[in-house]
Amino acid sequence: MDTTGTYRVEANVVRAANNLSVHDVTMVTQCTPSHLHHVVGMAERWNGPLSVAVFVQLRELSIIRRLMRKLQHCPAVLGQHTSVHLVYVEKQLDHLTVNNAGMLSAAGGGGDGDSHGAALATAAECADALKQMSTSKDANYALQVPYPNNLLRNVARDSSLTTFVMVVDVDMVPNPSLREDFLQFARRKELFQSHKYYDKDVYVIPVFEARTSLPSLPKSKTELITVIQDKTVRPFYITRCDKCHRHTDFQKWVSLAPSNEAGMTAAYDVAWKDAWEPFYIGRRTVPRYDERFKQYGFNRISNVCQLHMASYVFHVMDPGFLIHKGFKEKGQFHADKDAENSINRDLYTVFRRELRARYPEYTRECV
């Protein structure tokens, strides 16, 4: 259960292979079943530990559990290092029963019907499982209950076993060498040494968005610059919320001269400014996301604000990047977005006041 007793959490319904070092980075994301197919491309490019929290409506829980058990035997689809965790609203359990295996099924039903055992599923079975999930009618912010995005982020992050984590949206992918480039950077800077464990540094990864018509996503910074010039890729959220990401200084990042230092570098630091909510690689010791924020608005910026007030330093990394699949445009959001944003804005005001009391030794503000 979560701390409010509202949501039940079932970790590792798909369990990753346990053969990676803790000296690694876990990519963390969250979604509803209809968006899980995005994880395929994410896992392929990341090629490392990936932790996904999936929010499930109770009416679909039985079939989602069965499909997840099938995906457990599809390492070629999700990647052998991907773990999946289910989250659902506990109070809706009155019409369900729990069978002896701990699996939920409709009252009077016959369980999940998993016949695969430990055998690998065929490619067709794996593809069918993802296809069935993609037909779910549940979109992330258009559910019958509030979408607990920050709880999901925490569930997936807490289930990771590595020193570093990077929390991203499910429809984003990294450049293919991002993970290995960062690990080499971390080794050079001795970031895995015990005396560095409580460093207050996070490593910002610039994010861009690509037209859905782009035949293939860029794999290197050189390719990225080419498609930026072609206007098929642009800075993330540039027309929807420019101030949310412009402080990363995309123009400066694109124009950086090659470093004399081999591999990835911390190219420059950015002081936090109002509304900036970058995606970053950080230690598992960084503050967790505040789970009171649900639905749309202020759920990520509240976390970045807390890092700022706790005196974290934001290093912008080069040449790694993330790509969001599709342009973010005004008018694409669900109907209640503005109302939700207003509610969370009021909560954000309370949250900032709480942070001032939590960090009295620091003088920073989120204004």
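Scroll up for the structure.
The shown structure was predicted, so the numbers you read here are calculated from the model rather than taken from an experiment.

Here we look at the overall build of the protein
When helices and strands are tallied, the protein shows 10 helices and 15 strands. In the protein, buried positions account for 55% of the 367 residues. Long-range pairs, those at least 24 residues apart, make up 83% of the contacts in the protein with a sequence separation of at least 6. For the protein, the computed accessible surface area is about 16,400 Å², with 50% contributed by carbon and sulfur atoms.

Let's talk about the sheet that holds strand β15 (residues 322-325)
Taken in spatial order, the four strands line up as β8-β15-β10-β11 in an open sheet, and their pairing is mixed. This sheet does not close on itself; its edge strands, each paired only once, are β8 (172-174) and β11 (233-235). Across this sheet, the average inter-strand angle for adjacent strands is 35°, counted without regard to direction. In this structure, β8 lies alongside β15, joined through three bridges in antiparallel fashion.

Things to note about the sheet that holds strand β2 (residues 25-31)
Taken in spatial order, the nine strands of this open sheet run β1-β4-β3-β2-β7-β13-β9-β14-β12, and their pairing is mixed. Both edges of this open sheet fall to β1 (7-14) and β12 (265-270), since each of them pairs with a single strand only. Here the average twist between neighbouring strands, direction ignored, is 30°. Strand direction decides the pairing type here: β12 and strand β14 (residues 313-318), joined by five bridges, are antiparallel. Across the sheet, Tyr268 pairs through a bridge with Val316, a residue of β14. Of the strands in this sheet, β1, β3 (50-55) and β4 (82-89) touch helix α2 (residues 61-71), which is tilted by about 170° from β4. Contacts from helix α6 (residues 178-188) reach β2, β7 (164-167), β9 (201-204), β12, β13 (280-283) and β14 within the one sheet, and its direction differs from that of β2 by about 140°.

A word on the packing of helix α9 (residues 301-309) against helix α10 (residues 337-358)
In helix packing, the relevant descriptors are the interaxial angle and the interaxial distance, both defined with respect to the helix axes. One can describe the packing of α9 onto α10 by two numbers: an axis separation of 11 Å at closest approach and a directional angle of 20°. Compared by their axis directions, α9 and α10 come out roughly parallel. Crossing geometry of α9 relative to α10 is assigned as right-handed. Judged by residue contacts, Ile301, Ser302, Cys305, Gln306 and Met309 of α9 engage Tyr348, Phe351, Arg352, Leu355, Arg356 and Arg358 from α10. Of the residues assigned to the contact of α9 with α10, the class counts are six nonpolar, two polar and three charged.

Rules behind the numbers
Residues numbered from 1 in each chain as written. Predicted model: local features only at pLDDT ≥ 70, side-chain atom pairs only at ≥ 80, totals over all residues. Heavy atoms only, no water. Helix = DSSP H or I, 4+ residues; strand = E, 2+ residues; numbered from the N terminus. Buried < 20%, exposed > 50% of the residue type's maximum accessible area, 1.4 Å probe, protein only. Contact = heavy atoms within 4.5 Å. Areas by Shrake-Rupley, 256 points an atom, 1.4 Å probe, with all protein chains shown as cover. Pairing = 2+ DSSP bridges. Axes fitted to C-alpha atoms, helices over the stretch in contact; angles between N-to-C directions. Parallel < 35°, antiparallel > 145°, perpendicular 65-115°, else oblique. Left-handed = near helix turned anticlockwise from the far one by under 90°. Nonpolar A, V, L, I, M, F, W, Y, C, P; charged D, E, K, R; others polar.

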